[in-house]
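Tertiary structure, described
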Amino acid sequence: MKLGVVDFLDERFDARRVAKEFAEHRVPDHVNWLYCFGGITFLCFIIQAITGVLLAFYYQPTTDAAYRSILMIMDDMPFGVMLRSLHAWTANLMILMVTLHMLRVFFHGAYRPPRELNWVTGVLLFFMTVTFGFSGYLLPMNQLSFWATKVGSEIAGGLPLVGHYIQAFLLGGEKISDATLSRFYAIHVIILPITLTMLLVAHFLMVRKQGIADPL
Ligand code: HEM
């Protein structure tokens, strides 16, 4: 008996039914282009994940080697400039898109019950997206990275009571060093991608379960 790939997957994962359900799921008639910002934010995240993994093949997270490895990516690696620029520009675009998405949800009142938990999940996603940007900023270890991280960590350090602890945790000591770079790198490539993906799954499951909110 000859089985195609689709038949093979269908027999094991019920693939046809799942694909049909996704492809034929209708959105309400009032949905317009303003509702695209969430999806574009997700697309940005996918681009960041792919370009980020490719950059990680060459990037070296030590204060001595980081800047040199960035120069190597730009000067010697095929499509290196394109890859790095895509990662940097899409990071900015993702922050813009998530902000527009949040404003769309707010002005349509789509945070009201039963979507309040999705709003809370969204607020966490927003802070994570911004932290992605902040943690990525240090990685090239150029002048801009150094001073931005110094200012950012000093702002955190200015918080009452807990500020000093947060600053020491971020820097891994009193000043920017290899320990800081290791921490920012771990936050950027391990902690944030995993937690953001888990929150996104919850976000999408809730959108799926609750549907798109009716207009006010
Ligand atoms: C990585 C960040 C995010 C991604 C990828 C994302 C993605 C999406 C997508 C694709 C939808 C369905 C279509 C739409 O309404 O746009 C959605 C809905 C929703 N999102 Fe987000 N989102 C993110 C962050 C946020 C933020 C920051 C908030 C608010 C603080 C938020 C709150 C909501 C709510 C309440 C809904 C339901 C909207 C409705 O029913 O009309 N999301 N999200």
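Each remark here, short or long, concerns the structure printed above.
Residues numbered from 1 in each chain as written. Predicted model: local features only at pLDDT ≥ 70, side-chain atom pairs only at ≥ 80, totals over all residues. Heavy atoms only, no water.

Here we look at the coordination of the iron atom of the ligand
Our working definition: Coordination here is defined by N, O and S atoms within 2.8 Å of the metal (3.2 Å for Na, K and Ca), and since water is not considered, a site can look incomplete. Each label reflects the angles at the metal, where four donors whose angles all fall between 85 and 135 degrees are tetrahedral, four or six donors whose opposite pairs open beyond 155 degrees and whose other angles stay between 65 and 115 are square planar or octahedral respectively, and the rest are irregular. Only runs of H or I of at least four residues qualify as helices and only runs of E of at least two qualify as strands under DSSP, and these elements are numbered from the N terminus.
Surrounding the iron atom of the ligand are the protein donor atoms His101 (NE2) and His203 (NE2), which sit 2.0 to 2.1 Å from the metal. Bound by 6 donor atoms, the iron atom of the ligand shows angles of 87 to 179° at the metal and therefore octahedral coordination geometry. Of this pair, His101 sits in helix 5 (residues 80-107) while His203 sits in helix 9 (residues 178-210); the two residues are 102 residues apart in sequence, bridging distant segments of the chain.

Some thoughts on the packing of aromatic side chains
What counts, and what does not: Pairing of aromatic rings covers Phe, Tyr and Trp, the last through its six-membered ring, and needs centres within 6.5 Å; plane angles under 30 degrees mean stacked, over 60 mean edge-to-face, and all others mean tilted. Residue exposure (1.4 Å probe, protein chains only): buried if accessible area is under 20% of the type maximum, exposed if over 50%, otherwise partly exposed. Whether a charge sits over a ring comes down to the Lys NZ or Arg CZ being within 6 Å of the ring centre and within 35 degrees of the ring normal.
As enumerated under the stated definition, the model contains 11 aromatic pairs in all. Aromatic pair Phe42 and Phe204: ring centres 5.1 Å apart, planes at 85°, arrangement edge-to-face. Here Phe42, found in helix 3 (residues 37-56), pairs with Phe204, found in helix 9; they are 162 residues apart in sequence, far enough to count as distant. On the basis of relative accessible area, Phe204 is assigned to the partly exposed category, the value being 36%. Relative to Trp119, the ring of Tyr111 has its centre 5.7 Å away and its plane inclined at 65°; by these criteria the two rings are edge-to-face. Each member of the aromatic cluster is reached from another via a ring pair, and the members are Phe106, Phe107, Tyr111 and Trp119. Sitting over the face of the ring of Tyr35, Arg104 holds its NZ or CZ atom 4.0 Å from the ring centroid.

Notes on the environment of Val6
Note that Val6 resides in helix 1 (residues 5-13). Residue Val6 is classed as partly exposed on the basis of its relative accessible area, which comes to 48%. Sequence separation of Val6 and Arg16 is 10 residues, and the distance between their C-alpha atoms is 7.7 Å.

With respect to helix 8 (residues 163-171)
We count it as follows: Directions are taken from the helix axis to each C-beta atom, and the arc is the one they span. Residue contacts follow a heavy-atom distance rule, with two residues in contact if any of their heavy atoms lie within 4.5 Å.
All of the buried residues in helix 8 are Gly163, Gln167, Leu170 and Leu171. Seen along its axis, helix 8 keeps its buried residues to an arc of 90°; they face one direction. What points out from helix 8, more than 90 degrees from its buried face, is the exposed set Tyr165 and Phe169. Along its buried surface, helix 8 packs onto helix 7 (143-157) and helix 9. Phi turns positive one or two residues past the end of helix 8, at Gly172, with a value near 70°.

With respect to the site of the ligand
Spelled out, the test is: Here a residue is considered near a molecule or strand provided that any single heavy atom belonging to it is located within 4 Å of it. Nitrogen and oxygen atoms within 3.5 Å of one another constitute a polar contact, given that in protein one can donate a hydrogen and the other can accept it, and given that sequence-neighbouring residues count only through two side-chain atoms. Polarity classes work like this: nonpolar for Ala, Val, Leu, Ile, Met, Phe, Trp, Tyr, Cys and Pro, charged for Asp, Glu, Lys and Arg, and polar for all others, with Gly in that last group.
Near the ligand you find 25 residues, and of these His101, Arg104, Gly122, His203 and Ala213 are the closest. The contact in question runs from an oxygen atom of the ligand to an N or O atom on the side chain of Arg115, over 3.1 Å. Contacts to the ligand include His203, whose side-chain N or O atom sits 2.8 Å from a nitrogen atom. For the shell around the ligand, the secondary-structure elements that each account for two or more residues are helix 3, helix 5, helix 6 (116-138) and helix 9. For the shell around the ligand, the residue count by class is 15 nonpolar, 8 polar and 2 charged.

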